[in-house]
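Chain residues, written in single-letter form:
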Amino acid sequence: MATNTILTTALITREILRLFVGNLKAVRSINKSFDSKFGVAGAKVDDTINVRMPNRFAVGSGAAVTPTDYTETVTPVVLNQQKNIALSFTSKDLTLALDDFSERFLKPMASKLASVVEQDVLSTIAQNSFIQVGTPGSVITDTGVFYDALAAIQSFLVPTDDLVMLISPRSYAKAGRLMTSLFTPVTNEKLMSDGIGRAFGYDWFTSQYLVPQTVGNFSGTPLVNGAGQTGSTIALDGFGNNITGALKKGDIISFAGVTRVNPMTGQAYADTSTHVVTADANSNGTGQVNVSIYPAITVTGPYKTVSGSPADNAAVTIAGAAGSTYNIDLLLHKDAAVFASMPLDVPGAVPGNVYTETDENTGISLTVEQFRNGASGETLWRVDALYGVAPLRKECAVRVVTGV
């Protein structure tokens, strides 16, 4: 007579990790090559690594030489996100076949946990991207915005291999009708089974976890307050007085007369330079606002970002109507962000009650711990994901606004 097999912590961990990874479209699309720098032991919350960024150098002319000052920049990645989900099972539940147990319990658990991680990653990318195409509030009527997205990312010399378009189901319902005949099969092997198709030079996937942007509650006529400003903070005026949240983190702003430049040669483009607000900003009693932005206004040297600093009283344009919310889809290269994941260190855990598993293809890890209640006969299973996400090369993501 056949006997039931009791599901073990190891079996459950492997299965929930498989389901969890399968739900992570954005995470599988971005850089995860730095996970090993955390080491192989269990990690702790707030462990940090620094990822080196590419250096740039200036080219001189003639016999004389002027060495470029060597400045190494890094992006910190902190394991500061610990997400968990838990559920109680009876001894009878644990005698189910793995397929049945997975369908009833593990699949919905993995889907819920993955949705939180995906939204966190997509929010980080969107709120740090300074390139935006499309007009908030204007619904697209043709496919031009998707060509614009490709042109925008190419203008920053981002490689066009491994480009991925993550689009909300609502946006795709509109855009898909405009271009159904344009799609060819997806080429990204990591996400092939989840793809809509390939068009405009990149692979397309739907995501339910893209995060919209809510514009600051500004009023007045914003202007640049003072000429010759450089750096990552710019002084503005002309706002309404004493407005909390006049500009919000993730808002896109631009300055009249300031254009983008080729990141290698410094040659000015005709396109207006756009900047993302990196922290909420309030106006004071006279309508002045100091705004933190990226990229910084840098007008000389190998890290030049703009054609010149904005003039005093130059007009400031803010994307979107004050207080409005608009949806954002994302075209991104894998280097738009870096995701690091490690098994969680569980000090004092009962031997055999904690099991960790790392996906060999992605480096993503989960930790499962069980606690048995002798009185009720139930076992509590806790699943933890410890990870960190940080923008890596912010020019590697384009916010695409379809207006739907």
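Described in the following lines is the structure provided in the data block. (Residues numbered from 1 in each chain as written. Predicted model: local features only at pLDDT ≥ 70, side-chain atom pairs only at ≥ 80, totals over all residues. Heavy atoms only, no water.)

Some thoughts on the pattern of salt bridges
No. 1: One pass over the full model with this rule turns up seven salt bridges.
No. 2: E103 serves as the salt-bridge partner of K107, at 3.9 Å between the closest nitrogen and oxygen. Remark: E103 and K107 occur in helix α3 (residues 98-128); sequence separation between them is four residues, near one turn of the helix.
No. 3: The salt bridge partner of R382 is D384, with a shortest N-O separation of 2.6 Å. (Salt bridge = Lys/Arg side-chain N within 4 Å of Asp/Glu carboxyl O. Helix = DSSP H or I, 4+ residues; strand = E, 2+ residues; numbered from the N terminus.)

Considering helix α5 (residues 169-179)
Side chains of residues three or four places apart in an α-helix project in the same direction, reflecting 3.6 residues per turn.
No. 1: Every buried residue of α5 is accounted for by S171, A175, G176 and M179. Seen from one end, α5 has its buried residues packed into an arc of 120°, which puts them on one side. Seen from the open side of α5, the exposed residues pointing more than 90 degrees away from its buried face are R170 and R177.
No. 2: Where α5 is buried, its residues contact α4 (144-155), β5 (164-167), β7 (202-206) and β16 (329-332). (Buried < 20%, exposed > 50% of the residue type's maximum accessible area, 1.4 Å probe, protein only. Arc of directions from axis to C-beta. Contact = heavy atoms within 4.5 Å.)

Remarks on unusual backbone geometry
No. 1: Going from Y294 to P295, the amide bond is cis rather than trans, its omega being -5°.
No. 2: Tracing the backbone shows P295 in strand β13 (residues 289-297).
No. 3: Of note, L157 is a non-glycine position whose phi angle comes to about 60°, a positive value.
No. 4: Along the chain, L157 falls in the loop between α4 and β5.
No. 5: For L157, a relative accessible area of 41% gives the class partly exposed.

A look at the side chain of T206
No. 1: If you trace the backbone, T206 turns up in strand β7.
No. 2: Classification of T206 as buried rests on a relative accessible area of 19%.
No. 3: Beyond its immediate stretch of four places on either side in the chain, T206 contacts K25, I167, Y172 and I196.

Quick notes on the sheet that holds strand β9 (residues 220-224)
No. 1: Across the sheet, six strands lie side by side as β9-β10-β13-β12-β11-β14; this open sheet has antiparallel pairing. Looking at which strands have only one partner, the edges of the open sheet turn out to be β9 and β14 (316-318). With direction set aside, neighbouring strand axes in the sheet form an average angle of 45°.
No. 2: Taken together, the three bridges between strand β11 (residues 252-261) and β14 define a ladder with antiparallel strand orientation. Residue I253 lies in a different strand from β14, and its bridge partner there is I318. (Pairing = 2+ DSSP bridges. Axes fitted to C-alpha atoms, helices over the stretch in contact; angles between N-to-C directions.)

Observations regarding the environment of S171
No. 1: Following the sequence through the fold, S171 ends up in helix α5.
No. 2: Using a relative accessible area of 0% as the deciding quantity, one classes S171 as buried.
No. 3: Between the alpha carbons of S171 and V139 there is a distance of 9.7 Å; along the sequence they are 32 residues apart.
No. 4: Dropping the residues within four chain positions of it, S171 is found in contact with D329, T402 and V404.

Without other data, these values stay purely geometric and don't point to any function.
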